[in-house]
Amino acid sequence: MSAFAASAQYSPAQVNPEFAQAVAGGLTRKGQKALPPSWFYDEVGSALFEVITVLPEYGLTRAEAGLLSKTADKMMAEIVRASGRPALVIELGSGTGTKTRHILAATACYGSVRYLPVDISSAALDSCVKILGAMHNVSIHPIESTYLDGIDLALAHRKAGEPALLLFLGSTIGNFNRGETASFLGHIRKRMLPGDYLLLGADLVKPRAKLLSAYDDPIGVTAAFNLNLLARINRELDGHFEISQFAHEARYNERQSRIEMHLRSRIAQEVRIGELGLTIPFSAGETIWTESSHKFRVEEISRIGRRGGWSCVRQWVDGEWGFAETLFQNAPGPK
Ligand code: AVJ
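Since the model is a prediction, treat every value here as computed from it, not as a measurement.

A closer look at the packing of aromatic side chains
When we look at a pair of aromatic rings, we describe it by the centre distance and by the angle of the planes.
Here is step 1: By the definition in use, this model includes 14 aromatic pairs.
Here is step 2: Aromatic side chains phenylalanine 168 and phenylalanine 184 sit 5.7 Å apart centroid to centroid with 50° between the ring planes, which places their arrangement in the tilted category. One end of the pair, phenylalanine 168, is in strand S6 (residues 164-168); the other, phenylalanine 184, is in helix H7 (residues 178-191), with 16 residues separating them in the sequence.
Here is step 3: Of the aromatic side chains, those joined through ring pairs into one cluster are Phe40, Tyr41, Phe49 and Phe225.
Here is step 4: One Lys or Arg, arginine 178, reaches over the ring of phenylalanine 296 and ends 5.4 Å from the middle of that ring.
Here is step 5: Between the NZ or CZ atom of arginine 232 and the centre of the ring of phenylalanine 19, over which it lies, the distance is 4.5 Å.

Regarding the pairing of strand S14 (residues 323-329)
Here is step 1: Burial analysis of S14 places seven of its seven residues in the buried class, which makes it a mostly covered element.
Here is step 2: Going residue by residue along S14, you find Phe323, Glu325, Leu327 and Gln329 tucked away on one face and Ala324, Thr326 and Phe328 tucked away on the opposite face as well.
Here is step 3: Here seven bridges tie strand S7 (residues 197-203) to S14, and the two strands are oriented antiparallel to one another. Paired with leucine 199 across the two strands is leucine 327, which belongs to S14.
Here is step 4: Note that strand S13 (residues 311-318) and S14 share seven bridges and pair antiparallel. In the sheet register, arginine 314 faces S14, and the bridge partner there is leucine 327.

With respect to the sheet that holds strand S9 (residues 258-265)
Here is step 1: Taking strand neighbours across the sheet as the criterion, the four strands line up as S1-S12-S9-S8 in an open arrangement whose pairing is mixed. Two strands lie at the open edges of the sheet, namely strand S1 (33-34) and strand S8 (246-253), each paired on one side alone.
Here is step 2: When S9 meets strand S12 (residues 287-294), the two strands line up antiparallel, connected through seven bridges. When the sheet's bridge partners are listed, arginine 258 is paired in S12 with histidine 294.

Focus on the site of the ligand
Here is step 1: Taken together, 14 residues surround the ligand, and among them Tyr58, Gly170, Tyr215, Glu291 and Ser293 come closest.
Here is step 2: Here an oxygen atom of the ligand sits 2.5 Å away from a polar atom, N or O, in the side chain of serine 293.
Here is step 3: Residue composition of the shell around the ligand, grouped by class: eight nonpolar, five polar and one charged.

Observations concerning the pattern of salt bridges
Here is step 1: Counted by the stated rule, this structure contains 15 salt bridges.
Here is step 2: A salt bridge links glutamate 300 to arginine 178; the nearest nitrogen and oxygen atoms lie 2.8 Å apart. Separated by 122 residues along the polypeptide, glutamate 300 in helix H10 (residues 298-307) and arginine 178 in helix H7 bring together distant segments of the chain.
Here is step 3: By relative accessible area, which is 25% here, arginine 178 ends up partly exposed.
Here is step 4: A salt bridge links glutamate 260 to arginine 258; its shortest N-O distance comes to 2.8 Å.
Here is step 5: Judged by its relative accessible area of 9%, glutamate 260 falls in the buried class.

Conventions and cut-offs
Residues numbered from 1 in each chain as written. Predicted model: local features only at pLDDT ≥ 70, side-chain atom pairs only at ≥ 80, totals over all residues. Heavy atoms only, no water. Phe/Tyr/Trp six-rings, centres within 6.5 Å; stacked < 30°, edge-to-face > 60°. Helix = DSSP H or I, 4+ residues; strand = E, 2+ residues; numbered from the N terminus. Lys NZ or Arg CZ within 6 Å of the ring centre and 35° of its normal. Buried < 20%, exposed > 50% of the residue type's maximum accessible area, 1.4 Å probe, protein only. Pairing = 2+ DSSP bridges. Near = heavy atom within 4 Å. Polar contact = N/O pair within 3.5 Å; in protein donor to acceptor, adjacent residues only side chain to side chain. Nonpolar A, V, L, I, M, F, W, Y, C, P; charged D, E, K, R; others polar. Salt bridge = Lys/Arg side-chain N within 4 Å of Asp/Glu carboxyl O.

Worth remembering: the numbers are spatial, not functional.
As structure tokens, this is what we get:
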């Protein structure tokens, strides 16, 4: 018996109906198969992403952490002067929140702050609590939720008159399609109050070769991160993907200025997913599109924010890697 085969680690207790639905929908679609990148971040995927952030080829996280450590104190002094101390710091897609320490430390200088990380990955939130849980003057209230619901849940913690600071860091905004970005920032803004702030981190357009090595690193961490999605389907949905029969692929789409990640089937094959009652056919070379990471021009970022109704307060740019941090405000007074 091949008892220790692909589904050896399958444990039915873990079935998440939203994951099941996303996989069934994305793999039975006509034309290009696709899975949303939010499902990368189970415990293994979150750990692999942490490794990506320290790879020499992936300068994004280091560039942002550097910008934040350099600018957090001045940024916070400016916010406090203009609007008072933000007692509420909400972060969308916090992950482990490692870079957020700089912002929280700067805020906590002015008094106690409630930090509300919003993430759909319980694994990421657990590490976030471990990493930031002991900061002086900071209390953490993790919220396992999608972005917009998460903002509403987080804002329920607001006491009258307290300004809120919303963080959307790490260029997670890059996962949205170009047409959706401004409207997403608009949806966010409508949930917040006049005077509230948004700090948006976005990766900038840079040469193709630099981007390709960031998303296809030579030791294969990004490949493992991408392939783990198939392993996760095996573990959680009784999938029978033979991982070695798929290859990681990163493409740069110059016209859209975005990296597109795919999983390419090396052969023609059929893959059974027990929990879904499905058998998925793949032709040789067919791909599953797993992520788009859009890259931005500096002026484009403030323009997108303004289209979402935000006013641009200030922008900081790391020119070495190519990363921008933009502070927006939901302008008080008439629109
Ligand atoms: C977390 C979405 C910003 O797009 O750079 C890293 C995820 N994917 N390597 C990115 C990712 C492959 C990352 N974001």
